[in-house]
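What follows is the residue order along each chain.
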Amino acid sequence: MTARTAPREAHSAPTTSPEHGVAVRTSALRRVFGERAVLDGVDLTVHSGEFVVLLGASGSGKSTLLKILSGFDRRVEGDISVAKRRAVVFQEPRLLPWARVLANVTVGLRDKDARARGITALAEVGLAGRERSRPLTLSGGEAQRVALARALVREPDLVMLDEPFGALDALTRVKMHGLLRELCERHRPAVLLVTHDVDEAILLADRVLVLSGGRFHLDQPVDLPSPRSRTGIEFGRLRTRLLHELGVNEELTRYEPPGATDTTTGTPPAR
Amino acid sequence: MTAAAAHTIADASFRPSETAVGVPLEVEDPTDGRRTTGRRFVVPGWVRRLAGPVLLLALWWAVTGFHVVDSRSLTGPGSVFRAAHEMWGSGELPRDLGTSLSRVGWGLAIGVAVGLALAVVSGFFRLGEDLLDSSMNILRTVPVVALTPLIIVWMGIGEPAKIFLIATGTAFPIYMNTFAAIRGVDNKLVEAGKAFGLGRLGLIRRVIVPGAVPGFLVGLRWSWGVAWLLLIFAEQVNASSGIGYLMTQAQSWNRTDIIIMGVVLYGLLGLLGDVVVRLLEGTLLSWRRGFVGT
């Protein structure tokens, strides 16, 4: 523990001053849980308007990183500067069940036009007219769209999403990918999305970062034309590359259990 | 077949197994033959809830009417009602009922306010918990009634002493239940509230208090019962008005009808409290979709 504190001196440049066009900058970020350093030397820069996806296996520390960037975890070493106007979308919608949908969207806003902006944001995520609904009457996808509207209404410079579609069914997830991409193109915030879903990363990202062993091991720009689809050689190549980086060999997994989820590889039964 | 088996693992799971052919399976109708068809006559909730008390009344009437019990020990509903009618007419009952209600009302109001404030302070602030919670748990175990001599020394035997006794007794159930409910509020919601710019007051107002309402209502129901219990105690020890006083007086005249009228009144007032809390639950907890029983 004492041995690692020394390098901090080298990075003590003034990072609190506003940097033009940089929404997130961390250097030599380190977070220790007990004996284990979950994050160990994370250097991350996210420019405004950039869509960055953090990819990592479970337990790789990607959620911890988001927690630190949102200010929930203060037991951290290293330099951090994050855009002040920021919003979070969690894996669960985390709506207040006793408040109606609109009140959930505008929670914490004090400006006079909050109500009007909330209604606009709800319309943008396709929930116009649902302002007075109770959260418990919404489907999983609808609730997560309310959470998106709640982030959007703050006009953030940075949006952080922590596996936002992980709890949704596959069909809803496809729709949500489209919606998120569309919203981000319209409002151009910097986006930092955490996921373990390689396909999701390639479909959404301008840049994919792979987190393993406490630091980034790959910084992969994704230069696919939009609208993106899962088909195509380039997609497959990227997919293999990222999976390999995560320590998964696609060729082996392909034939493993009968009735595996990957329907594209299933061979028709012999007659 | 043998040539194909080498590369088609997929069809291994598809092979009809020996057990699937020929052996009859046990099957059943999952509804067990008891289908719920479109229209079914449903007894309204309030009728079902009233059935218990009505049955009790009928039993009382039967026991006294057929002289199973001596009428000096237990008078029938008829004579109790007559006594009530008579005392209402003379103005005695309205005065005593009013006195009792105002004692309970004030005591409960103060007790609830104090209990709620203490619960929010020690539920929300860790320092508050360290300073308050252990003391509250020690005081909670002291029977409030044991404080009566002290209260009399402090405040005499007037109205303030009675209200103080009720307030003290009712503050604890409110405190205990609300505190537990505050600590039961989902931390993820608190975290989200903070992330979206809620300050301390905002968190209390928008997240903590609404989340603690279910526990608070349990405490309120409990407190309502405690309030009447302490009222009876206060009025029977030292009072010159109130339902408890009425019953003590009746005891010295051997008027069981008046004593039982007092008991029935207490029961009805307890029911009133239940109705009030139920109405509160209906409006404050309309967002909930909990299990409502089968």
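Each remark here, short or long, concerns the structure printed above.
Residues numbered from 1 in each chain as written. Chains lettered and ligands numbered in written order. Predicted model: local features only at pLDDT ≥ 70, side-chain atom pairs only at ≥ 80, totals over all residues.

(A) Region of the structure containing the overall build of chain B. Helix and strand counts for chain B stand at eleven helices and zero strands. When the helices and strands of chain B are listed from N to C terminus, the series reads α-α-α-α-α-α-α-α-α-α-α. Considering only contacts in chain B between residues 6 or more positions apart, those separated by 24 or more positions represent 71%. (Helix = DSSP H or I, 4+ residues; strand = E, 2+ residues; numbered from the N terminus. Contact = placed C-beta atoms within 7 Å.)

(B) View of the pairing of strand β5 (residues 86–89) of chain A. Residue and element names in this part refer to chain A. Going residue by residue along β5, you find Arg86 and Val88 tucked away on one face and Ala87 and Val89 tucked away on the opposite face as well. As paired strands, β5 and strand β6 (residues 158–162) are joined by four bridges and run parallel to one another. Bridge pairing in β6 links Arg86 to Leu158. (Buried ≥ 20, exposed ≤ 12 C-beta atoms within 10 Å, placed from the backbone. Pairing = 2+ DSSP bridges.)

(C) Spatial organisation of helix α3 (residues 77–89) of chain B. Taking 1.5 Å of rise per residue, 13 residues should cover 18 Å, and α3(B) covers 18 Å from first to last C-alpha, within 8% of that figure. B:Gly91 occupies a position one or two residues after α3(B) and carries a positive phi of about 85°. (Expected span 1.5 Å × (residues − 1).)

(D) The packing of helix α9 (residues 200–237) of chain B against helix α11 (residues 256–284) of chain B, seen in detail. All names here are of chain B. Where α9 contacts α11, the axes come no closer than 10 Å and their chain directions differ by 170°. When the axes of α9 and α11 are compared, the pair comes out roughly antiparallel. Side by side, α9 and α11 meet where Val213, Leu217, Leu220, Arg221, Trp224, Gly225 and Trp228 of the first sit next to Tyr266, Leu269, Gly270, Gly273, Val277, Leu280, Glu281 and Leu284 of the second. Split into classes, the residues belonging to the contact of α9 with α11 amount to ten nonpolar, three polar and two charged. (Axes fitted to C-alpha atoms, helices over the stretch in contact; angles between N-to-C directions. Parallel < 35°, antiparallel > 145°, perpendicular 65-115°, else oblique. Nonpolar A, V, L, I, M, F, W, Y, C, P; charged D, E, K, R; others polar.)

(E) Region of the structure containing the sheet that holds strand β4 (residues 77–82) of chain A. Residue and element names in this part refer to chain A. Spatially, three strands are ordered β2-β1-β4 in an open sheet, and the strand pairing comes out antiparallel. The open sheet has two free edges, formed respectively by β2 (36–47) and β4, since each of these has just one partner strand. The mean inter-strand angle of the sheet, taken between neighbouring strand axes irrespective of direction, is 15°. Along the sheet face, helix α1 (residues 62–69) touches β1 (22–33), β2 and β4 and points at about 60° away from the line of β2.

(F) The arrangement of the nonpolar core in detail. Judged by nonpolar contacts, the single largest core of 102 residues is most densely connected at A:Leu55, A:Ala149 and A:Leu192. Tallying contributions element by element places α9(B) first for this core, with 13 residues. What A:Leu55 contacts, discounting residues up to four positions off in sequence, is A:Thr195, A:His196, A:Val198, A:Ala201, A:Val208, A:Leu209, A:Val210, A:Leu211, A:Leu242 and A:Leu246. Counting residues in each nonpolar core, the second largest holds nine residues, with B:Ala83, B:Ile243, B:Ile259 and B:Ile260 among its members. (Core = buried A, V, L, I, M, F, W, Y, C linked by C-beta atoms within 7 Å.)

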